[in-house]
Amino acid sequence: MAKDKEFVKEITPQNEDFSQWYIDVIKKADLADYAPVRGCIVFKPEGYEIWERCQEGLDRRFKATGHRNAYFPLFIPESLLLKEAEHVEGFNPELPWVTEAGGEKLTERLAVRPTSETIIGEMYHRWIQSHRDLPVLINQWCNVVRWEKRTLPFLRTTEFLWQEGHTAHRTEEEARTEVMRMLEVYRDFLETDLAIPVVPGRKSESEKFAGAVETYSIEALMKDGKALQAGTSHFLGQNFSRVFDIQFLDDDGQRKYVWTTSWGMTTRIIGAMIMVHGDDRGLVLPPRVAPTQVVVVPILKKGQDEVRARAQQIADELRSVARVHLDDRAEYSPGWKFNEWEMRGIPLRIEIGPKDLEKNQAVLARRDSGEKLFVSLDNLPETVAGLLETIQKEMYERARGFMAENTRPAATFEELAEIIENKRGFVQAGWCGKAACEAEVKEKTKATIRNIPLEQPDNGPRHCVCCGEPAQYKVIFARAY
RNA sequence: CGGGGCGUAGCGCAGCUUGGUAGCGCACUUGGCUUGGGACCAAGGGGUCGGAGGUUCAAAUCCUCUCGCCCCGACCA
């Protein structure tokens with residue numbers, strides 16, 4: 001194979017300019033386009049379908065854990081938003097307001113939702129009377145708006161798509177269990193469907209959700225060594241139930257406030273998928289979320305129409321095990337198609353030419369490894385189904401290997417700073433738990449505490465990487481998106 | 001929101017310094033010929049130069065404002 005880069009000259013190499021590479025891939029793989037509104041993107045069919053696959057994967061898991069979908073309004077009255085002080089303060093700078101409609105000024109201005117805790121709190125107040133009404137396990141698929149200063153396609157856009165789960169429970173313990181259960185759902189989804197390994201953990205006080213008692217996250221590592229928060233699960237305690245007066249009569253005759261949780265995952269994970277798996281030739285899609293899993297490219301020569309017919313037949317056979325596209329366009333050469341579909345990240349390409357038919361074989365080319373396999377046409381559906389699973393698994397293993405290689409311990413501040421500056425990646429270090437140390441590290445290295453991993457090693461660092469006092473936790477530091 | 005860079009055909013760019021009414025490659029259309037890693041030939045179509053205002057006989061080019069994108073910083077999923 002000749003030099004790879006010559007084939008995809010439209011894409012900036014990763015090591016030259018990772019940000020530009022990211023933008024190039026999104027454009028060339030036809031995932032999204034910039035919209036006429038600042039910071040907003042259009043999800044093109046190819047990009048939106050990836051989101052639909054994510055929705056399927058998540059929604060199935062939500063249903064399996066007893067949740068049901070509902071839909072709450074886009075507009076939130078200012079009075080509702082103002083009820084929870086910490087919450088308002090957190091979101092105020094990024095709220096768009098509707099102040100007039102129908103040519104008249106509104107008596108109360110309406111925020112376009114940045115998240116729905118408040119309006120859902122208001123409704124739960126009306127719906128919950130008895131312990132028999134609990135738990136309430138509701139999820140919402142919707143768009144939200146946050147007027148961010150700096151935007152980047154998928155990772156941070158003014159309007160984005162997500163799901164937000166909102167649950168109410170009788171006891172603190174039950175709510176806490178829910179928080180951890182959904183964090184685990186996110187971890188499983190990301191690792192299984194998107195082949196992205198993550199570190200589950202708890203957010204520090206300064207990084208937690210505005211209004212939460214505790215925030216948990218799963219953190220992923222991008223190929224440029226920066227971290228990305230891929231999903232969050234919040235234990236809201238009774239913060240919202242107190243301000244929205246969500247009380248129930250318990251079986252002991254006492255009126256009590258419910259314990260609530262919320263958890264969300266956004267279209268940002270598409271950005272994560274691009275930056276975890278993509279390479280210099282473009283997008284690399286994990287089979288489970290790939291809109292097209294297999295592209296069949298017949299090698300068409302004049303006067304050999306049977307190749308096209310056989311390719312069609314093979315593609316049809318494969319539809320029982322995979323999402324298949326047959327590219328039998330005559331106006332493009334096979335080589336052009338190979339590059340095009342690789343750029344678009346299709347996990348598996350099947351080449352079928354006259355020579356293959358003579359030998360009753362097909363050529364299978366893996367997008368993730370570049371490997372070409374010559375396989376028998378007998379049992380092709382089984383072969384392909386198995387290979388797609390192998391690709392999915394190996395993509396995850398590869399990403400996990402990358403994360404492991406780029407997770408380094410640091411015992412001292414100097415070590416931490418050196419790793420962050422020169423190698424990036426995750427840095428494991430001790431932390432005394434004080435906000436001052438966290439802030440100092442952030443100021444001097446631009447690295448933040450991504451989370452306090454749930455799995456705390458027995459032999460972890462003994463001292464705070466900043467002040468040297470006894471460490472309370474082993475945490476992950478990284479520069480983040 | 002501060003600092004830097006860039007907006008000219010769908011994409012990538014030249015032209016701007018020194019004003020004279022727009023060009024190249026790819027893509028696109030038609031025909032031919034091809035097809036195992038981005039073929040070739042021929043003939044075509046497409047841009048009020050991001051937008052607004054100003055200077056000028058004349059503005060892609062000079063001036064002012066504005067919008068958007070990228071990179072670097074402070075806030076966030």
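Structure shown above.
Keep in mind that what you see is a predicted model, and the values were worked out from it rather than measured.

A.B. asks: Which residues make up unusual backbone geometry, and what are the values?
C.D. replies: The amide bond that connects Leu 134 to the next residue, Pro 135, takes the cis arrangement and shows omega of -5°. Within the element layout of this structure, Pro 135 appears in the loop between helix H6 (117-127) and strand S7 (136-145). If you check the backbone angles, Ala 195 has positive phi at about 55° while not being a glycine. In this fold, Ala 195 is placed in the loop between helix H7 (172-192) and strand S9 (199-202).

A.B. asks: Would you mind going over the nonpolar core in detail, with residue names and values included?
C.D. replies: Soluble globular proteins tend to pack their nonpolar side chains together in the buried interior. Membership of the largest hydrophobic core comes to 56 residues, with the highest contact counts inside it found for Phe 154, Leu 190 and Ile 274. Looking at this core, the elements that each hand over two or more residues are helix H2 (18-28), strand S2 (41-43), helix H3 (45-64), H7, strand S10 (214-221), strand S11 (227-237), strand S14 (259-266) and helix H9 (268-277). Ranked by residue count, the leading element in this core is H7, at eight residues. If near-sequence neighbours (up to four positions away) are discounted, Ile 274 is found in contact with Trp 21, Tyr 22, Val 25, Ile 26, Leu 31, Phe 154 and Leu 283. Listed in part, the 25 residues of the second largest apolar core include Ile 314, Leu 318, Leu 377 and Ile 391.

A.B. asks: Kindly report on the pairing of strand S15 (residues 294-298), identifying the contributing residues and their values.
C.D. replies: Most of S15 is tucked away: five of the five residues are buried. Taking every second residue as pointing to the same face, both faces of S15 are buried, with Val 294, Val 296 and Pro 298 on one and Val 295 and Val 297 on the other. Where S15 and strand S16 (residues 324-326) come together, three bridges link them in parallel fashion. Counted as the bridge partner of Val 294 is Val 324 from S16. You can see the chain leave S15, run along helix H10 (residues 305-318) and come back into S16, and the turn it takes is right-handed.

A.B. asks: Please provide a residue-by-residue account of the environment of Glu 122, values included.
C.D. replies: As for its position among the elements, Glu 122 is in helix H6. Owing to a relative accessible area of 17%, Glu 122 belongs among the buried residues under this scheme. If near-sequence neighbours (up to four positions away) are discounted, Glu 122 is found in contact with Leu 80, Lys 83 and Phe 244.

A.B. asks: Mind laying out the side chain of Thr 292, listing which residues take part and the relevant values?
C.D. replies: Relative to the elements of secondary structure, Thr 292 occurs in the loop between H9 and S15. Classification of Thr 292 by relative accessible area gives buried; the value is 17%. Dropping the residues within four chain positions of it, Thr 292 is found in contact with Arg 323, Val 324, His 325, Ile 346 and Pro 347.

A.B. asks: Before we move on, can you summarise the sheet that holds strand S4 (residues 75-77) with the specific residues and values?
C.D. replies: Across the sheet, three strands lie side by side as S4-S6-S5; this open sheet has antiparallel pairing. The open sheet has two edge strands with one neighbour each: S4 and strand S5 (97-101). With strand direction ignored, the average angle separating the axes of adjacent strands in the sheet is 45°.

A.B. asks: Please set out the packing of aromatic side chains residue by residue, giving values where relevant.
C.D. replies: Counted by the stated rule, this structure contains 15 aromatic pairs. Ring geometry for Phe 62 versus Trp 263: centroids 5.1 Å apart, planes at 55°, classification tilted. Highlighted residues: Phe 62 in helix H3 and Trp 263 in strand S14, separated in sequence by 201 residues. Taking the relative accessible area as the measure of exposure, Trp 263 reaches 1% and is therefore buried. Pairing Phe 240 with Phe 244 gives two aromatic rings, centres 6.5 Å apart and planes at 5°, and the pair type is stacked. Accessibility classification places Phe 240 together with Phe 244 in one group, the buried group.

A.B. asks: Go over the pairing of S14, please, and point to the residues and values.
C.D. replies: Among the eight residues of S14, eight are classified as buried, and the element is accordingly described as predominantly covered. Alternating residues of S14 divide into Trp 259, Thr 261, Trp 263 and Met 265 and Thr 260, Ser 262, Gly 264 and Thr 266, and every residue in both groups is buried. Sheet topology note: the strand S8 (residues 159-169)/S14 ladder contains eight bridges and is antiparallel. What sits directly across from Ala 168, in S14, is Thr 260. As paired elements, S11 and S14 share five bridges and run antiparallel to each other. Following the sheet pairing, Thr 232 is matched in S14 by Gly 264.

A.B. asks: Tell me what's going on with the sheet that holds strand S23 (residues 473-478), and back it up with residues and numbers.
C.D. replies: Within a sheet, adjacent strands bond to each other through the backbone by hydrogen bonds, running parallel or antiparallel. Taken in spatial order, the eleven strands make up an open sheet running S3-S7-S8-S14-S11-S10-S9-S22-S23-S21-S20, and their pairing is mixed. Each end of this open sheet is capped by a strand with a single partner; those strands are strand S3 (68-69) and strand S20 (407-409). Across the face of the sheet, H9 comes into contact with S10, S11 and S14 while running at roughly 145° to S11. Lying on the sheet, helix H13 (residues 380-405) is in contact with S9, S10, S20 and strand S21 (426-431); it crosses S20 at an angle near 25°.

A.B. asks: Mind laying out H10, listing which residues take part and the relevant values?
C.D. replies: In this model, H10 (14 residues) spans 20 Å end to end at C-alpha, consistent with the 20 Å of a helix rising 1.5 Å per residue. Listed as buried for H10 are Val 307, Ala 311, Ile 314, Ala 315 and Leu 318. Each buried residue of H10 sits inside an arc of 100° when the element is viewed along its axis, so together they form one side. Residues of H10 that are buried in the fold lie against S15, S16, strand S17 (348-352), helix H12 (354-358) and H13.

Here is what the cut-offs are and how they apply
Residues numbered from 1 in each chain as written. Chains lettered and ligands numbered in written order. Predicted model: local features only at pLDDT ≥ 70, side-chain atom pairs only at ≥ 80, totals over all residues. Heavy atoms only, no water. Helix = DSSP H or I, 4+ residues; strand = E, 2+ residues; numbered from the N terminus. Core = buried A, V, L, I, M, F, W, Y, C linked by side-chain atoms within 4.5 Å. Buried < 20%, exposed > 50% of the residue type's maximum accessible area, 1.4 Å probe, protein only. Contact = heavy atoms within 4.5 Å. Pairing = 2+ DSSP bridges. Right-handed = clockwise from strand over helix to strand, strands pointing away. Axes fitted to C-alpha atoms, helices over the stretch in contact; angles between N-to-C directions. Phe/Tyr/Trp six-rings, centres within 6.5 Å; stacked < 30°, edge-to-face > 60°. Expected span 1.5 Å × (residues − 1). Arc of directions from axis to C-beta.

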